[in-house]
Amino acid sequence: LPPPLFSSLTCVTPMSFLKSLWSSSDDLKKDEGKEKQKEAEAAAVADGEGDADDESLETDPDAIADLPNKPPEEGSIGSVLWSILSSKMGGDVMSSGISLPAYMYEPLTILQRTCECIENNYILDEAAKQTDSLDRLAYVAAFAVSAYSGTSNLRTKTNFNPILGETFEYLDERNGTKYFGEQVSHHPPICAFHVTNKDWVFYQNSATTTKFMGNSLDIDTHGRSHIFFPESGDHFYFTNPCTRVHNIIVGSFWVEHYGDISIENIKTGETMVVSLKKAGLFQGTQYGVSAYALDSNKKKRIKLSGKWNDTLSLEWLADTTGKSAKTKIEVFKNVIEPLVEPYYLNKFTTSLYDFPADCKSLLLPSDSRRRLDRIFLQKGQANTATKWKRKIESKQRSDRKARTDPWKPVWFVKVTADQSSEDFAKLLSNSEAVDEYAALKDDSNKASFQVRS
């Protein structure tokens, strides 16, 4: 990994708070007061654990580096979930304040999980090579759909909610793509990330909400994504579909993504609406994908078809400047590889929590890899992970109460196109996408958070 992407920036006050959550034990071993103790006790009731004894908590990540990476002891997840969530029927679980025990999580935070969407970024490399904007639109659509290919029905666990100000950065050594993300808001939870490549820029805000439906959970990321190609000037904007997790209490667990991914080339007005089919009562049909790339006159020019968990193909229905009619290309193939137990993650996903010794002096104090609850869970120490999770949550609540000024993200800044637009967090760097984005003033739904320069 390289030095932090924005190592020239000075870490402001919030960083000291975050660092204490990740790796400092001194403050945690002090008396935190009666109010904080009550908060910790309340959190303990929610996740079914006893009090966290600071003196008994392991605090040095290096001390656990050689422990076996074994699965946590789970018990009956369904019955535990029902006992905790039954009173939240129809409600948003993420904003309810419920604290689940660590064994119900993967050793990844939501920031790390969002990085999975760039696993198939080679499709954007191909998009950059296209000479026709319609061809490029079709490739962007295939990339947007491929982000869901990593969904596995064997992955039955959720991800840690990032702490306010938490960051994650990643270098994809296959093509030099760099990811940087920050949790820019806690209520509502908003994650902003910025991905750079020599040929394209990809940035997104997501503000996830959930709805507990008894034996299923609906998830809407409210994701707003931008992909910009500096050489051509093509700027694509799209939103994410919905996700439903079935049988979280009783039955065989399975996941479906459904709804539309509406993609627009802001420069040319060309559009493409990708429909992800809904399975209904029975699984097996929910993987189908269908879409047509429409030119500025709304005529169908390119067809996208296949399954988001298998193969995606493009077929040209009419000539473009880059392709002739009847051309067919398999643009994406989901390569099935052995999954790493106990969490059934593929090789790319496991690389997201790799933390070699030579990276520890390079990554920011707020990086997700440094979270002690996540690290202990990764090493199979679920009970210790739960205690650290509760300790971090308690400290964040105390910080929120003590804060007199609104939280200000460290690496991102909030921007709006006009007074009526939604906020968007965007990374302000030397990227050409920043100036290009500033020129976007005509659509109130496409504004968002920008990286602080």
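Quick caveat: nothing in here was measured; it's all calculated off a predicted structure.

(A) Spotlight on the overall build of the chain. Helix and strand content of the chain: 10 helices and 19 strands. Sorting the 453 residues of the chain into buried and exposed places 52% on the buried side. With the model as given, the accessible surface of the chain reaches about 20000 Å², and the carbon-plus-sulfur share is 50%.

(B) Examining the packing of aromatic side chains more closely. Tallied over the full model, the rule gives 10 aromatic pairs. Between Phe180 and Trp411, the aromatic rings sit 6.0 Å apart at their centres with planes inclined by 85°, giving edge-to-face as the arrangement. Residue Phe180 is found in strand S4 (residues 177-185), and its partner Trp411 is found in the loop between helix H9 (382-402) and strand S18 (412-415); the two are separated by 231 residues along the sequence. For the residue pair Phe180 and Trp411, the accessibility class agrees, reading buried in each case. Pairing Tyr287 with Trp308 gives two aromatic rings, centres 5.1 Å apart and planes at 65°, and the pair type is edge-to-face. Taken together, the residues Tyr287 in the loop between strand S13 (271-276) and strand S14 (288-294) and Trp308 in the loop between strand S15 (300-307) and strand S16 (311-316) connect sequence positions 21 residues apart. As far as burial versus exposure is concerned, Tyr287 and Trp308 are alike and both buried. Residue placement shows Lys278 over the ring face of Tyr258; its charged tip is 4.4 Å from the ring centre.

(C) The confidence of the model for the chain, seen in detail. Scored by pLDDT, the chain comes out at a mean of 78, with 70% of its residues at no less than 70. In this model residues 417-421 is a low-confidence stretch, pLDDT under 50, and it forms eight contacts with partners more than four residues away in sequence or in other chains. Note that residues 429-447 has pLDDT below 50 and, in this model, 52 contacts with residues that lie over four places away or in other chains.

(D) Up close: the side chain of Asn197. Looking at the element boundaries, Asn197 is found in the loop between strand S5 (190-196) and strand S6 (201-206). Look at Asn197 and you get buried, because its relative accessible area is 11%. Polar side-chain contacts of Asn197 include one of 2.8 Å to the backbone nitrogen of Asp199. Those residues in contact with Asn197 that lie beyond four places of it in its chain are Asp125, Asn175 and Thr177.

(E) Layout of the state of the cysteines. Under the counting rule described, the total for this entry stands at zero disulfides. The cysteine Cys117 is free of any disulfide, with Cys115 supplying the nearest cysteine sulfur at 7.0 Å.

(F) Broad picture of the pattern of salt bridges. A full pass over the atoms with the stated rule returns 16 salt bridges. The salt bridge partner of Asp373 is Arg371, with a shortest N-O separation of 2.7 Å. Given a relative accessible area of 3%, Arg371 falls into the buried group. Connected through salt bridges with shared partners, the residues Glu106, Arg113, Glu116 and Arg155 form a single ionic network.

(G) Structural view of the layout of surface pockets. When its volume is computed, the second largest pocket comes out at roughly 850 Å³. In this structure, the second largest pocket is lined by 38 residues; those nearest its centre are Glu119, Glu337, Asn346, Lys347 and Phe348. Those elements that provide at least two residues to the lining of the second largest pocket are strand S3 (167-172), strand S17 (328-333) and helix H7 (347-351). In terms of residue count, the dominant contributor to the lining of the second largest pocket is H7 (four residues). Along the lines of polarity and charge, the residues of the lining of the second largest pocket split into 17 nonpolar, 11 polar and 10 charged.

(H) Quick look at the nonpolar core. The biggest cluster of nonpolar side chains holds 66 residues, and the ones touching the most others in it are Tyr179, Phe202, Ile261, Ile263, Val274 and Leu304. Among the elements that line this core, the one with the most residues is helix H6 (residues 133-146), at 10 residues. Those residues in contact with Ile261, other than ones at most four positions away along the chain, are Ala144, Val145, Tyr148, Phe238, Thr239, Pro241, Met272, Val273, Val274 and Leu276. Phe180, Val184, Ala192 and Trp411 belong to the second largest nonpolar core, which has eight residues in total.

(I) Region of interest: the side chain of Thr349. Along the chain, Thr349 falls in helix H7. Side chain to side chain, Thr349 and Glu116 meet in a polar contact 3.2 Å long. Beyond its immediate chain neighbours, meaning those up to four positions away, Thr349 contacts Leu108, Glu116 and Arg155.

(J) Structural view of the environment of Thr221. Following the sequence through the fold, Thr221 ends up in the loop between strand S8 (216-220) and strand S9 (224-228). Residues Thr221 and Ile190 lie 31 residues apart in sequence; the distance between their C-alpha atoms is 9.3 Å. With residues up to four places along the chain from it excluded, the contact list for Thr221 reads Ser206, Ala207, Thr208 and Asn240.

(K) View of helix H5 (residues 122-129). When we look at burial in H5, the residues that qualify are Ile123, Leu124, Asp125 and Ala127. Buried residues along H5 sit in contact with H6, S9 and S17.

(L) Just the pairing of S8, in detail. In the sheet, strand S7 (residues 209-212) pairs with S8 via four bridges, with the strands oriented antiparallel. Within S8, the residue paired with Thr209 across the bridge is Asp220. Counted along the chain from S7 to the antiparallel partner S8, the turn is three residues long, and its residue Gly214 has a positive phi close to 100°. In this structure, S8 lies alongside strand S11 (residues 242-246), joined through five bridges in antiparallel fashion. When the sheet's bridge partners are listed, Asp218 is paired in S11 with Arg244.

Reading the values: rules and limits
- Residues numbered from 1 in each chain as written.
- Predicted model: local features only at pLDDT ≥ 70, side-chain atom pairs only at ≥ 80, totals over all residues.
- Heavy atoms only, no water.
- Helix = DSSP H or I, 4+ residues; strand = E, 2+ residues; numbered from the N terminus.
- Buried < 20%, exposed > 50% of the residue type's maximum accessible area, 1.4 Å probe, protein only.
- Areas by Shrake-Rupley, 256 points an atom, 1.4 Å probe, with all protein chains shown as cover.
- Phe/Tyr/Trp six-rings, centres within 6.5 Å; stacked < 30°, edge-to-face > 60°.
- Lys NZ or Arg CZ within 6 Å of the ring centre and 35° of its normal.
- pLDDT = per-residue confidence, 0-100.
- Contact = heavy atoms within 4.5 Å.
- Polar contact = N/O pair within 3.5 Å; in protein donor to acceptor, adjacent residues only side chain to side chain.
- Disulfide = S-S within 2.5 Å.
- Salt bridge = Lys/Arg side-chain N within 4 Å of Asp/Glu carboxyl O.
- 1 Å grid on protein atoms, 1.4 Å probe; cavity = no way out; pocket = protein on both sides within 12 Å on 5 of 7 lines; lining within 4 Å.
- Points joined across faces, edges and corners; volume = space filled by probe spheres on them.
- Nonpolar A, V, L, I, M, F, W, Y, C, P; charged D, E, K, R; others polar.
- Core = buried A, V, L, I, M, F, W, Y, C linked by side-chain atoms within 4.5 Å.
- Pairing = 2+ DSSP bridges.

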